[in-house]
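Structure at a glance
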Amino acid sequence: MISVVDLDGNPDAEPGAGIIIATGSRFDTAHADHWLQRATFTLSEAEATDRRIITVGSVTEALADIADHCRRRPHAAAICDDVLRAVDPNAPARAGVITESLAYSVLQAGPEFAGWLAERGPATVPDTTEPVLIDRDGDTLLLRFNRPQRHNAFSNAMRAALLDGLAVAAADTSIDEVVLSGAGRSFCSGGDLAEFGGFTDVASAHLARTRHSPALALDALTARLGARCRADVHGQVLGSGLEMAAFCGRVRAHPEAVLGLPELNLGLIPGAGGTVSITRRIGRWRTGYLILSGRTIDASTALRWGLVDEVGAP
């Protein structure tokens, strides 16, 4: 399923379609440049600023971990690679969000997600009176996720409340700053796993994701406000939480924040616009690495990559 290309060796025969991981430490040849661009991403033990390259302690160990991760969810891994290659981060966000959602719907109806649901078993979601706190301070609108007992896991009720808050900001042009944050120990730990599988009509779920999208609302606000549409993130910044924050014009991360995209574990890919927002910030290669490896990164790495714009305590 995974083809490996050695940048330090002789030119290889062109592998077929699929996940391609390049490895090596020599980046100054035509052979290397071709594969740096063509590969899903490149692993190297050498330090590099090129966003097509991920520096790891051991290429051998990283390859083994990624191969095992993808082997357990081969459909999701392959479709992830397809989507990241198809999405143009320089194009309007809507096209990418639709492409992502269609692929997400395919996986929702597939065997890997069904297997994860069976392993999870029945689950219940606790009620939250105010899933998002909406306050105004002068011309600043403050939107604060408010499910601290669940690390602000993103629920359907939270999504609806966030859309209400974003609609206020869109309609009231006197609002010149929007700040997205989270109560408690985390900004947002991703989608609430207890709600996953609740919608069996994947076509309707796709329409809901794309017609009522916090990602697109945040993208529109950022187009208007720039860095004054910002996210302050801390604790767990995972899945949909990271995807939405990345649409903001500026992201400040607490020094102890942990960021990642764990959706492959469920047999899914990011579904809150992350293949657009995160790819815009760090390129498809490092986005692919986060998804296919399942690994998290710390705030300093996120800053170095450009996933966040500032690291500091509130």
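Residues numbered from 1 in each chain as written. Predicted model: local features only at pLDDT ≥ 70, side-chain atom pairs only at ≥ 80, totals over all residues. Heavy atoms only, no water.

Axis separation between helix α4 (residues 93–108) and helix α7 (residues 202–211) bottoms out at 9 Å; the angle between their running directions is 155°. The orientation of α4 relative to α7 falls into the category roughly antiparallel. Viewed along their axes, α4 and α7 form a crossing whose handedness is right-handed. Note on element contacts: α7 touches α4 through Val202, Ala205, His206, Arg209 and Thr210, opposite Arg94, Val97, Ile98, Ser101, Leu102, Tyr104, Ser105 and Gln108. Classifying every residue of the contact of α4 with α7 by side-chain character gives 6 nonpolar, 5 polar and 2 charged. (Axes fitted to C-alpha atoms, helices over the stretch in contact; angles between N-to-C directions. Helix = DSSP H or I, 4+ residues; strand = E, 2+ residues; numbered from the N terminus. Parallel < 35°, antiparallel > 145°, perpendicular 65-115°, else oblique. Left-handed = near helix turned anticlockwise from the far one by under 90°. Contact = heavy atoms within 4.5 Å. Nonpolar A, V, L, I, M, F, W, Y, C, P; charged D, E, K, R; others polar.)

This next bit is on the packing of aromatic side chains. Taken as a whole and assessed by the stated rule, the structure comprises 6 aromatic pairs. With 5.3 Å between their ring centres and 50° between their planes, Phe145 and Phe187 make a pair best called tilted. One end of the pair, Phe145, is in strand β6 (residues 140–145); the other, Phe187, is in the loop between β7 (177–182) and α7, and 42 residues separate them in sequence. Ring centres 6.5 Å apart and planes at 75° place the aromatic pair Tyr289 and Trp305 in the edge-to-face group. (Phe/Tyr/Trp six-rings, centres within 6.5 Å; stacked < 30°, edge-to-face > 60°.)

The assigned domain composition of the chain is domain 1 (2–57) and domain 2 (92–281 + 299–311). The centre of domain 1, based on its C-alpha atoms, is set 31 Å off from the matching centre of domain 2. (Domains from an automatic or database assignment.)

With that out of the way, let us pick up the sheet that holds strand β3 (residues 41–44). Where strands meet in a sheet, backbone hydrogen bonds hold them as pairs that are either parallel or antiparallel. What the 4 strands build is an open sheet, ordered β1-β2-β3-β4; its pairing is parallel. Both edges of this open sheet fall to β1 (2–6) and β4 (53–55), since each of them pairs with a single strand only. For this sheet, the mean inter-axis angle between neighbouring strands, taken without regard to orientation, is 30°. Across 5 bridges, the pairing between β1 and strand β2 (residues 19–23) is parallel. Paired with Val5 across the two strands is Ala22, which belongs to β2. Contacts between helix α2 (residues 59–72) and the sheet are confined to β1, β2 and β3, with β3 contributing the most and set at about 145° to the helix. Relative to β3, helix α10 (residues 274–293) is tilted by about 75°, and along the sheet it contacts β2, β3 and β4. (Pairing = 2+ DSSP bridges.)

Considering the arrangement of structural elements, one finds His69 in helix α2. At 2.7 Å, the side chain of His69 forms a polar contact with the backbone oxygen of Leu292. Non-local contacts of His69, meaning those with residues more than four positions away in its chain, are made with Leu264, Asn265, Ile291, Leu292, Ser293 and Gly294. (Polar contact = N/O pair within 3.5 Å; in protein donor to acceptor, adjacent residues only side chain to side chain.)

Of note, the phi angle at His151 is positive, near 55°, even though the residue is not glycine. Position of His151 among the secondary structure elements: in the loop between β6 and α6 (156–171). If you check the backbone angles, Asn152 has positive phi at about 55° while not being a glycine. With respect to the element layout, Asn152 can be found in the loop between β6 and α6.

According to the stated counting rule, one finds 17 salt bridges in the structure shown. Among the salt bridges present, the one from Asp232 reaches Arg230, with a minimum N-O distance of 2.9 Å. Classification of Asp232 by relative accessible area gives buried; the value is 17%. Given a relative accessible area of 23%, Arg230 falls into the partly exposed group. Beyond isolated ion pairs, a larger network of salt bridges with shared partners links Glu177, Arg230, Asp232 and Arg252. (Salt bridge = Lys/Arg side-chain N within 4 Å of Asp/Glu carboxyl O. Buried < 20%, exposed > 50% of the residue type's maximum accessible area, 1.4 Å probe, protein only.)

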